[in-house]
Every structure is written in structure tokens, then in C-alpha cells.
Amino acid sequence: MSTTLNANPASHAGSHTGAAGQRPPHMATRLAHGLLAVRNEDGSVTLEMAQPLTLQAEELEDLVTDLAGLRAELDPPYPLDCPPLCALEPCYTPRHWVACDPLTGKILLFLRHHLFGWLGIVQTPEASLEMLKSVAVEMKKLELSERSPGQGLH
């Protein structure tokens, strides 16, 4: 959905001025519905639009997808480790769909998050088995904590 183009930095508010008054070129990405994302020297992104946007659910989803793709390219990258649970927006009992892709030999896992819609994960059978083992370990902890309420979860 998004396209990358060279932007004329003189037209962008907040651009940094280089030596001799010349502004360095910025990379701009046209997102869904005409929104322009300009990458700044400091690693931030400036979002510009020509006019106010009124979006239906599907159109907003397109824009969220484009913004998520833009975020994935920025520094700092997403952390490899899971953040503390209090920092997450959990999705309780999500719908899910699992299948094997016979062409690639990968496992396809789709989870429906209440904020982000369907999230797709493709992984090896070995990684899927590791995930199942992790879930089994956590289920065992719950079972033990129910037998001994004083123990609690750690």
C-alpha cells in the first residue's frame, strides 16, 4: 500500500537545516489515503496530510497497517524480549486459526487481536513445538498453584 519517494524537504516544517542553509534530502513514504511520512535526521517521522481524513473501519485498518510497517523500520527496533505484562494490551481468549503450509513445510498461526485484527505468524514445526512446550509449562504452573494457593505464580 505504501510507496517511497524523495520529498522536497523545503516544504516540510521542522526540517533540519544543514551547512550553508541547504537542507538534506529526506525520504518520504506515501501511506494509505495520501498520508505522507517523512523520515527526519533524528530518526523520528513527521506525518503530513493535505486535508483532514474521514476514514471507515477498513480504510483506517489500511493506514494502521502502513504505520506498523513504518514503525518496524525505525530505530530503536522492537525489543527481542517481551516487555513486562503491565506494559502490554492483552487480548483475552482470542480467536485463532492454525494450518500447515504443505508448500513451505511451515506452520501458519493467526490470532485475532482486539486492537490490531488478525496477526499472522509463520514458523517452523520445531518453533511451534517449542511454543506448545512453553504453554504446557505455564499450564502446569497454574495447576500447581491451584493445588497450593499459598505458592502463587512467579
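Sequence order sets the numbering: in each chain, residues are counted from 1 along the sequence as written. The model is predicted, so local features are restricted to residues of pLDDT at least 70 and side-chain atom pairs to those at 80 or more, both for listing and for counting; the totals for chains, interfaces and linings are taken over all residues. Excluded from the side-chain calculations are hydrogens and water; all other atoms, namely the structure's heavy atoms, are used.

1. As for the confidence of the model for the protein chain
Scored from 0 to 100, pLDDT records how confident the predictor is in each individual residue. Across the protein chain, the average pLDDT comes to 82, with 79% of residues at or above 70. Note on residues 4-24: pLDDT under 50 across the span, and 33 contacts to partners over four residues away in sequence or across chains. We call two residues in contact whenever any of their non-hydrogen atoms come within 4.5 Å of each other.

2. Remarks on unusual backbone geometry
Cis rather than trans, the peptide bond between D75 and P76 has omega equal to 0°. Each helix is a run of H or I in the DSSP string that is no shorter than four residues. Each strand is a run of E no shorter than two, and both are numbered from the N terminus. Mapping P76 onto the fold places it in the loop between α1 (57-72) and β5 (96-101). Non-glycine residue H33 carries a positive phi angle of around 65°. Residue position: H33 is located in the loop between β2 (26-30) and β3 (36-39). By relative accessible area, which is 33% here, H33 ends up partly exposed. Classification of residues uses two cut-offs on accessible area relative to the type maximum, computed with a 1.4 Å probe and protein chains only: under 20% is buried, over 50% is exposed, and between them is partly exposed.

3. Observations regarding the pairing of strand β4 (residues 45-48)
With four bridges connecting them, β3 and β4 associate as antiparallel partners. Residue pairing for β4: R39 is matched across the bridge by V45. Here a strand pair is declared whenever DSSP counts at least two bridges between the two strands.

4. Some words on a nonpolar patch on the surface
On the surface, L60, V64, L115, F116 and L119 cluster together into a nonpolar patch covering about 450 Å² of accessible area. By the secondary structure assignment, L60 is in helix α1. The exposure class assigned to L60 is partly exposed, which follows from its relative accessible area of 44%. Patches in this entry comprise residues that are over 30% relatively accessible and not in a salt bridge; like charges within 9 Å are linked, as are nonpolar side chains (Val, Leu, Ile, Met, Phe, Trp, Tyr) within 5 Å. Every accessible area reported is derived by Shrake-Rupley at a probe size of 1.4 Å, with residue values counting cover from the shown protein chains alone. Should a side-chain nitrogen of Lys or Arg be within 4 Å of a carboxyl oxygen of Asp or Glu, the pair is scored as a salt bridge.

5. Notes on the pattern of salt bridges
Inspection of every chain in the model, using the stated rule, returns five salt bridges. Here R147 ties to E143 by a salt bridge, and the two come within 2.4 Å at their closest N and O atoms. Within this pair, R147 and its partner E143 are both found in helix α2 (residues 125-147), separated by four residues, close to a single helical turn. Each of K140, E143 and R147 takes part in a single network of salt bridges with overlapping partners.

6. Some thoughts on α1
In an α-helix there are 3.6 residues to a turn, and that puts residues three or four apart on one side. Take the number of residues in a helix, subtract one, and multiply by 1.5 Å to get its expected span. Its 16 residues place the ends of α1 22 Å apart at the C-alpha level, agreeing with the 22 Å of an ideal helix rising 1.5 Å per residue. Taken residue by residue, α1 has L63, D66 and L70 as its buried positions. All buried residues of α1 project into a common sector of 60° when viewed along the axis, lining one side. Turned more than 90 degrees away from the buried face of α1, the exposed residues are A57, E58 and T65. Where α1 is buried, its residues meet β3 and β4. It is the directions from the helix axis to the C-beta atoms whose arc is reported.

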